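The primary structure of each chain is shown beneath.
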Amino acid sequence: MSGAGSKKVAVVAGDGIGPEVIESALAVLDGAGAKFERVPVEIGLARWKRTGLAMAEEDLAALKECDCILFGAISTPPDPNYESVLLRIRKELDLYANIRPFQSQDLDFIIVRENTEGLYSGLEEVGVEESRTLRVITRRGSQRIAEIACDLAIARRKLTIIHKSNALKSDCLFLETCRAVAVRRGVPYEDMLVDAAAYNLVINPKRFDVLVTTNLFGDILSDEAAGVIGSLGLCSSANLGSDHALFEPIHGSAPDIAGKGIANPVGAIRSAAMMMQWLGEPKKARLIEAAVQKALACGAKTPDLGGKCRTREVTEAVVDCMEIF
Ligand code: NAD
Ligand code: IPM
Ligand code: MN
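Quick caveat: nothing in here was measured; it's all calculated off a predicted structure. (Residues numbered from 1 in each chain as written. Chains lettered and ligands numbered in written order. Predicted model: local features only at pLDDT ≥ 70, side-chain atom pairs only at ≥ 80, totals over all residues. Heavy atoms only, no water.)

> Would you mind showing me how to read the nonpolar core here?
Considering soluble globular proteins, one finds that nonpolar side chains tend to be buried as a cluster. Core analysis: the largest hydrophobic core is formed by 84 residues, its most contacted members being L29, L159, M275 and I288. In this structure, this core is formed jointly by two domains, domain 1 (1-94 + 232-325) and domain 2 (105-229), each of which donates at least three residues. Setting aside its immediate chain neighbours within four residues, M275 contacts V9, L29, F36, C68, L70 and F247. With 19 residues, the next largest nonpolar core counts A10, V39, A54 and I89 among its residues. (Core = buried A, V, L, I, M, F, W, Y, C linked by side-chain atoms within 4.5 Å. Buried < 20%, exposed > 50% of the residue type's maximum accessible area, 1.4 Å probe, protein only. Domains from an automatic or database assignment. Contact = heavy atoms within 4.5 Å.)

Right, dumping it as structure tokens:
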């Protein structure tokens, strides 16, 4: 890849703390000398309130047309008939692999979450007395997420396949398919029921390295993992497909702290680093990640981490740390 210079990045700031943390991520990218064209795209609840539509077809086309997307967070409109816009983007762009790294001083593991099927199939019947959601697991979907997980695990220690095949027959296919991929790729693996995984993540998170799982389990285990490393505000993610990519912190729009200037920007900044890596700028990605770690070690912490800093101060500390390196 020729570097990020000629690239176009769609920037979806979104709702709540989304614009606050995206402003930080963009300031850090500037500080790292990242060059790309920014294409702002307004999507989410604020847009819905203004126009009655959370995302227009042209917005989706604009997202598809850019090289990748930097995404803050959006609130879902309070309308049961409204499909989550983020889920629609993941499906339309076929962003099947949700990569969620979790790092702290003594922890380092990655959740690889299948991002397009499972209980997020969108196949739902909503009734007054009974509602149903169809959980769809396919061999193709399981195979391609297992391949991505093995790509990561092969350079690390091992793979843990997380499932609930004792209760859900659909997970027998997921487990069997992931196992076959791990065996073919020569990746050391174990499997674990999701309830036991949730427990082990709290009592012994060091036992994990790369975890691969289905959509909803991955969503829930991600927030749990974020709690284990210290805060949702620290955690980043990549949503990858064959033709598109979207980078976002794993947290939501956090309406309880929106507008207060205290949101932790680290998850969004780390997502920007993941984006630079994907855009073929690994040095900039490493620079940003190293500066984040240095800033945190120097005490640049927002209240979710027990600190007193504001979003702006943490952002400035990260930018200053990049200048030192
Ligand atoms: P949330 O992740 O927004 O917040 C959960 C808790 O974590 C809150 O107490 C919040 O203050 C705290 N938190 C989150 N990010 C933080 C940060 N950067 N710094 C400090 N504290 C942080 O989850 P929620 O409250 O359940 O959801 C709020 C809205 O966000 C909902 O509408 C939900 O659908 C949406 N959501 C969107 C995304 C996304 O767009 N990617 C992801 C998750 C939730
Ligand atoms: C996430 C979010 C989304 C999900 C919501 C907003 C639909 O929680 O990205 O983790 O469930 O995938
Ligand atoms: Mn989530």
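Past the structure itself, the notes keep going.
> Help me understand the pairing of strand 5 (residues 108-114) in this model?
On any regular strand, side chains alternate: one points to one face of the sheet, the next to the other face. Within strand 5, 6 of the 7 residues are buried, which leaves it mostly tucked inside the rest of the structure. Pairing geometry for strand 4 (residues 97-103) and strand 5, over 7 bridges, is antiparallel. Following the sheet pairing, A97 is matched in strand 5 by E114. Pairing between strand 5 and strand 10 (residues 210-213): 4 bridges, direction parallel. Within strand 10, the position partnered with I111 by the bridge is L211. (Helix = DSSP H or I, 4+ residues; strand = E, 2+ residues; numbered from the N terminus. Pairing = 2+ DSSP bridges.)

> In this structure, what is going on with the site of ligand 1? I would like to understand it.
Near ligand 1 lie 20 residues; those nearest to it are I74, G252, A254, D256 and N264. Between A254 and ligand 1, the recorded distance is 2.8 Å, taken from a backbone N or O atom to an oxygen atom. Contacts to ligand 1 include D256, whose side-chain N or O atom sits 2.8 Å from an oxygen atom. For ligand 1, the accessible surface in isolation is 800 Å², of which the surrounding protein chains cover 67%. (Near = heavy atom within 4 Å. Polar contact = N/O pair within 3.5 Å; in protein donor to acceptor, adjacent residues only side chain to side chain. Areas by Shrake-Rupley, 256 points an atom, 1.4 Å probe, with all protein chains shown as cover.)

> Just to check I follow, could you spell out the packing of aromatic side chains for this structure?
Each aromatic ring pair is characterised by the separation of its centres together with the angle its planes make. Here the structure, examined in full by the defined rule, presents 2 aromatic pairs. An angle of 25° between the planes, with centres 5.4 Å apart, marks the rings of F102 and F109 as stacked. By the burial criterion, F102 is buried, and F109 matches it. Positioned above the aromatic ring of Y120, the side-chain terminus of R113 is 5.3 Å from the ring centre. Of note, R207 hangs over the ring of F208, and the distance from its end group to the ring centre comes to 5.9 Å. (Phe/Tyr/Trp six-rings, centres within 6.5 Å; stacked < 30°, edge-to-face > 60°. Lys NZ or Arg CZ within 6 Å of the ring centre and 35° of its normal.)

> I would appreciate a short explanation of a nonpolar patch on the surface in the present structure.
Residues Y199, V202 and I203 make up a contiguous nonpolar surface patch of about 330 Å² in total accessible area. Here I203 shows up in helix 7 (residues 194-203). (Patch = residues over 30% accessible without salt bridge, like charges linked within 9 Å, V, L, I, M, F, W, Y side chains within 5 Å. Salt bridge = Lys/Arg side-chain N within 4 Å of Asp/Glu carboxyl O.)

> I would appreciate a short explanation of the pairing of strand 9 (residues 189-193) in the present structure.
A one-sided burial pattern is seen for strand 9, the buried positions being E190 and M192 and the unburied ones Y189, D191 and L193. One crossover worth recording links strand 8 (residues 159-163) to the parallel strand 9 by way of helix 6 (residues 170-185), and it is right-handed. (Right-handed = clockwise from strand over helix to strand, strands pointing away.)

> For this particular structure, what's the right way to read the site of ligand 2?
All residues in the neighbourhood of ligand 2 are listed as S84, L86, L87, R90, R100, R113, Y120 and D219. Here D219 contributes a side-chain N or O atom positioned 2.9 Å from an oxygen atom of ligand 2. Across the complex, the protein chains shield 74% of the 320 Å² of accessible surface that ligand 2 would expose by itself. A per-element tally of the shell around ligand 2 places helix 4 (residues 85-92) first, with 3 residues. For the shell around ligand 2, the residue count by class is 3 nonpolar, 1 polar and 4 charged. Taken together, domain 1 (1-94 + 232-325) and domain 2 (105-229) each give at least three residues to the shell around ligand 2, which thus spans both. (Nonpolar A, V, L, I, M, F, W, Y, C, P; charged D, E, K, R; others polar.)

> I keep staring at the sheet that holds strand 1 (residues 8-14) and nothing clicks. Help me out?
The pairing of strands in a sheet comes from backbone hydrogen bonds and takes either a parallel or an antiparallel form. Judged by pairing direction, the sheet is mixed, and its 10 strands sit side by side in the order 2-1-3-12-11-4-5-10-8-9 without closing on themselves. Strands at the two margins of the open sheet, each flanked by one partner only, are strand 2 (37-40) and strand 9. Going from strand to strand, the sheet's axes swing by 20° on average, the running direction of each strand aside. Relative to strand 3 (residues 68-73), strand 1 runs parallel, the two sharing 5 bridges. Paired with V12 across the strands is F71, a residue of strand 3. Against the sheet, helix 4 makes contact with strand 3, strand 4, strand 5, strand 11 (236-240) and strand 12 (245-249), and its axis sits at roughly 150° relative to strand 12, the strand it touches most. (Axes fitted to C-alpha atoms, helices over the stretch in contact; angles between N-to-C directions.)

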